[in-house]
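A structural walkthrough
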Amino acid sequence: MSIKLKALLKSPWVFHLSTGSCNNCDIEILDCLTPRFDVERFGMVLAGSIRHADVLLCTGSVNRKCIPRIKKIYEDAPKPILVVAVGECSLSRGLFIHSYNCPVPLDKIIPVDVYIPGCPPKPEAIIAGVVKAIEKIKANIKNNKQMKK
Amino acid sequence: MILINFIFLGFLLTAVIGLIATWFDRKITARIQYRVGPPLLQPFIDIVKLFGKETLMPEGASKIVFFVSPVLGLISIIIVSTILWNAIINTNKTFLGDLIVVLYFLTIPSLSIILGGFASKNPLASIGASREMKLVIAYELPFILSVLVSVIKSNLSIRIGDIIKYQIAHGSIIGSWSGILSFFVVFFCVQAKLGLVPFDVAEAETELASGALIEYSGVSLAIYRLTKAMMFFVLPFFMIILFCSGQIFVSLGILKFILIYIAIVTLIVIIRNVNPRLRIDQALRFFWGPMTFLSIVATILAMRGL
């Protein structure tokens, strides 16, 4: 594994994007930063700007007004960026599946790497999801190496 | 020789100590909030990671200014730390007026943030940059007035070497009344220069989303963070040279130096953690009111030999 990628996995800075959620997921995300869970142990901090971020954390049912903005934010992000969908709404629109305002789930708009289900997911689930994302990247690199051989 | 000092002492050693100081800051912050905090290598990992990321330029930004300004800040802080290390290593080899050079170069990191913020064509970055500019105007006056105390005490010499030699002969300047007052004022100016919490209006995370640095990514952001980390070492180092360098040329001097440095950083971090953010007008009033008054009093006391 290259040193750049190793560093990336050890300090993922998270940008938190709410695409019209009911705020429950957002509160649970903020819980991860509290003394009980303290994700700064693993180098995770909340970034104020998408330009600083390595992880794009999306919550909420994706409504029509948000779609162009999500695309813009995704394009603004410096690559490599990891997209994490948090909560039932951004996974499958949840409660709002029949709503006129929520045409598609998040992964039809931008590529999503990790899904964290729950309404809202527990902080433990969110941390487990990020760990899974890191393991996924590691596994991908291993597979690529084997493919090359 | 100068080049070796420039690279090894001025850049590498200062960067390593500064990054460790950044870790210390984050760890103490975490302990104050009953958290565990990041591992020791975390600031290094952050910098390496940012060097590996894509560097973007916003559409319509001024390209040259946008990419040159972080480098400008880094180079100026390297020059400052080289001058300070040289003064500590050999007090006779400093040049005339290096104190003034240091004061000028210490302003350039703030200037680079201002230039970068205005160049990035983002409204939030512009607000951050203009606040940073007002903050520079606010703290520069009491800062220079307090530095003047050391100059007056060491028989009006603007060589850093002479200031150190005076303190070796007559004891540290902080031992006198004017020294204590000016140390107190410089302490708050350093807090503002570092952009830490009572005076972090320029990159207020909750309202401006990182302020002037909002459009920076990848290598440029890494350079800004490195500059900030190096300032975390250089500014307390400058304070120690100006006010406490009588302590560091005695037996066990290096140990005393490290202890004083850790004490200053810890105090800065504690002040950062127990205070809310001041508005820019409150910060201006704070620096032009009580701080300037105290530094004028300190200067008058120094003129009287107290």
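Residue positions within a chain follow its written sequence, with the count starting from 1. Here the convention is simple: chains get letters from A, ligands get numbers from 1, in the order in which they are written. For this predicted model, a pLDDT threshold of at least 70 governs which residues receive local features, and a threshold of 80 or more governs which side-chain atom pairs are given and counted, while totals over whole chains, interfaces and linings are taken from all residues. Hydrogens and water molecules were not included; the side-chain quantities draw on all heavy atoms of the structure.

Describing the interface of chain B and chain A
Spelled out, the test is: Contacts are residue-level and defined by heavy atoms, with any inter-residue pair within 4.5 Å sufficient. Accessible surface is computed with a 1.4 Å probe, and the buried area is the amount of it that two parts give up when combined, taken over both parts together. Salt bridge, as applied in this entry: a Lys or Arg side-chain nitrogen positioned within 4 Å of an Asp or Glu carboxyl oxygen.
Facing the 28 residues of chain B at the interface are 27 residues of chain A. Summed over both partners, the interface of chain B with chain A buries about 2200 Å², with 56% contributed by carbon and sulfur atoms. Interface area lost by chain B to chain A is led by Arg35, Lys49 and Lys53 of chain B, which between them contribute 28%. The interface formed by chain B and chain A contains six salt bridges. Where arginine 26 of chain B meets glutamate 40 of chain A, a salt bridge forms, and the shortest distance between an N and an O atom there is 2.9 Å.

Looking at the environment of valine 250 of chain B
Residues and elements named next belong to chain B. Where we set the bar: Runs of H or I in DSSP of at least four residues are treated as helices and runs of E of at least two as strands, each being numbered from the N terminus. In this scheme, a residue with accessible area under 20% of its type's maximum is buried, one over 50% is exposed, and one in between is partly exposed, where area comes from a 1.4 Å probe on protein chains only.
Position of valine 250 among the secondary structure elements: in the loop between helix 9 (218-243) and helix 10 (253-274). For valine 250, a relative accessible area of 41% puts it in the partly exposed group. Each C-alpha atom, one on valine 250 and one on phenylalanine 183, is 21 Å from the other, the two residues being 67 residues apart in sequence.

Description of the confidence of the model for chain B
All names here are of chain B. Using the following cut-off: Confidence scores labelled pLDDT are given residue by residue by the predictor and lie between 0 and 100.
Model confidence for chain B is summarised by a mean pLDDT of 87, while 100% of its residues fall at 70 or above. The least confident element of chain B is helix 8 (residues 205-208), whose mean pLDDT is 72; the most confident is helix 11 (residues 280-303), at 91. The ipTM assigned to the predicted complex is 0.83, against a pTM of 0.89.

Overview of the packing of helix 7 (residues 177-194) of chain B against helix 11 of chain B
Residue and element names in this part refer to chain B. This is how it is decided: Axis angles are defined between N-to-C directions and span 0 to 180 degrees, where every axis is a line fitted to C-alpha atoms and, for a helix, only to the segment in contact. Reported orientations rely on four angle classes, namely roughly parallel under 35 degrees, roughly antiparallel over 145, roughly perpendicular from 65 to 115, and oblique for the rest. Less than a right angle of anticlockwise turn of the near helix away from the far helix marks a crossing as left-handed, whereas a clockwise turn marks it as right-handed.
Relative orientation of the contacting elements helix 7 and helix 11 amounts to 150°, with a least axis distance of 8 Å. Between helix 7 and helix 11, the angle is such that the two are roughly antiparallel. Of the two possible hands of crossing, helix 7 and helix 11 adopt the one that is left-handed. In contact with Trp177, Ser178, Leu181, Ser182, Phe184, Val185, Phe188, Cys189 and Ala192 of helix 7, helix 11 contributes Phe286, Phe287, Met291, Leu294, Ser295, Val297, Ala298, Leu301 and Ala302.

Observations concerning the packing of helix 1 (residues 2-32) of chain B against helix 9 of chain B
Residues and elements named next belong to chain B. What counts is decided by this rule: Throughout this entry, Asp, Glu, Lys and Arg are counted as charged residues, while Ala, Val, Leu, Ile, Met, Phe, Trp, Tyr, Cys and Pro are counted as nonpolar. The remaining residues, Gly among them, count as polar.
One can describe the packing of helix 1 onto helix 9 by two numbers: an axis separation of 7 Å at closest approach and a directional angle of 90°. Relative to helix 9, the element helix 1 lies roughly perpendicular. Contact residues: helix 1 offers Gly10, Phe11, Thr14, Ala15, Ile17, Gly18, Leu19, Ala21, Thr22 and Asp25, while helix 9 offers Leu226, Ala229, Met230, Phe232, Phe233 and Val234. In terms of residue class, the contact of helix 1 with helix 9 is made up of 11 nonpolar, four polar and one charged.

Looking at a nonpolar patch on the surface
Residues and elements named next belong to chain B. Convention followed: Patch definition: residues with relative accessible area over 30% and no salt bridge; like charges joined within 9 Å; nonpolar side chains (Val, Leu, Ile, Met, Phe, Trp, Tyr) joined within 5 Å. Using a 1.4 Å probe, the Shrake-Rupley method yields the accessible areas, and only the shown protein chains count as cover for residues.
A cluster of nonpolar side chains, namely Ile64, Val65, Val68, Leu72, Leu111 and Leu115, defines an oily patch on the protein surface of about 490 Å² accessible area. For the nonpolar patch, the leading source of residues is helix 3 (residues 63-89), giving four residues. With respect to the helices and strands, the residue leucine 72 is situated in helix 3. For leucine 72, a relative accessible area of 38% translates into the label partly exposed.

With respect to the packing of aromatic side chains
Note the cut-off: Two aromatic rings from Phe, Tyr or Trp, using only the six-membered ring of Trp, form a pair when their centres are within 6.5 Å; if the ring planes differ by under 30 degrees the pair is stacked, by over 60 it is edge-to-face, and anything between is tilted. Look at NZ for Lys and CZ for Arg. If either is within 6 Å of the ring centre and within 35 degrees of the ring normal, a charge sits over the ring.
One pass over the full model with this rule turns up 17 aromatic pairs over all chains. On the basis of an interplanar angle of 5° and a centroid distance of 4.3 Å, the ring pair of phenylalanine 66 of chain B and tyrosine 216 of chain B is categorised as stacked. Note that phenylalanine 66 of chain B is positioned in helix 3 and tyrosine 216 of chain B in the loop between helix 8 and helix 9, a separation of 150 residues in sequence. The same class applies to phenylalanine 66 of chain B as to tyrosine 216 of chain B, namely buried. Each ring, one from tyrosine 216 of chain B and one from tyrosine 224 of chain B, has its centre 4.9 Å from the other, and the planes form 80°; the classification is edge-to-face. Exposure remark for tyrosine 224 of chain B: the relative accessible area of 5% places this residue in the buried category. Taken together through their ring pairs, the aromatic side chains of Tyr139, Phe184, Phe187, Phe188, Phe199, Phe286 and Phe287 of chain B make up a single cluster. It is lysine 49 of chain B that lies over the ring of tryptophan 13 of chain A; its NZ or CZ is 3.7 Å from the centre. In this structure, lysine 193 of chain B is placed above the aromatic ring of phenylalanine 143 of chain B, and the distance from its NZ or CZ to the ring centre is 4.8 Å.

Re the sheet that holds strand 1 (residues 13-18) of chain A
Residues and elements named next belong to chain A. Note the cut-off: The pairing criterion for strands is at least two bridges between them, as found by DSSP.
In spatial order, the strands read 2-1-3-4-5; together these five strands make up an open sheet with parallel pairing. Every other strand in the sheet has two partners, leaving strand 2 (45-46) and strand 5 (114-116) as the edge strands with one partner each. With five bridges joining them, strand 1 and strand 3 (residues 55-59) adopt parallel strand pairing. Among the inter-strand pairings, serine 18 is bridged to a residue of strand 3, identified as threonine 59. Sitting on the sheet, helix 2 (residues 24-31) touches strand 1, strand 2, strand 3 and strand 4 (82-86), and the angle it makes with strand 3 is about 140°.

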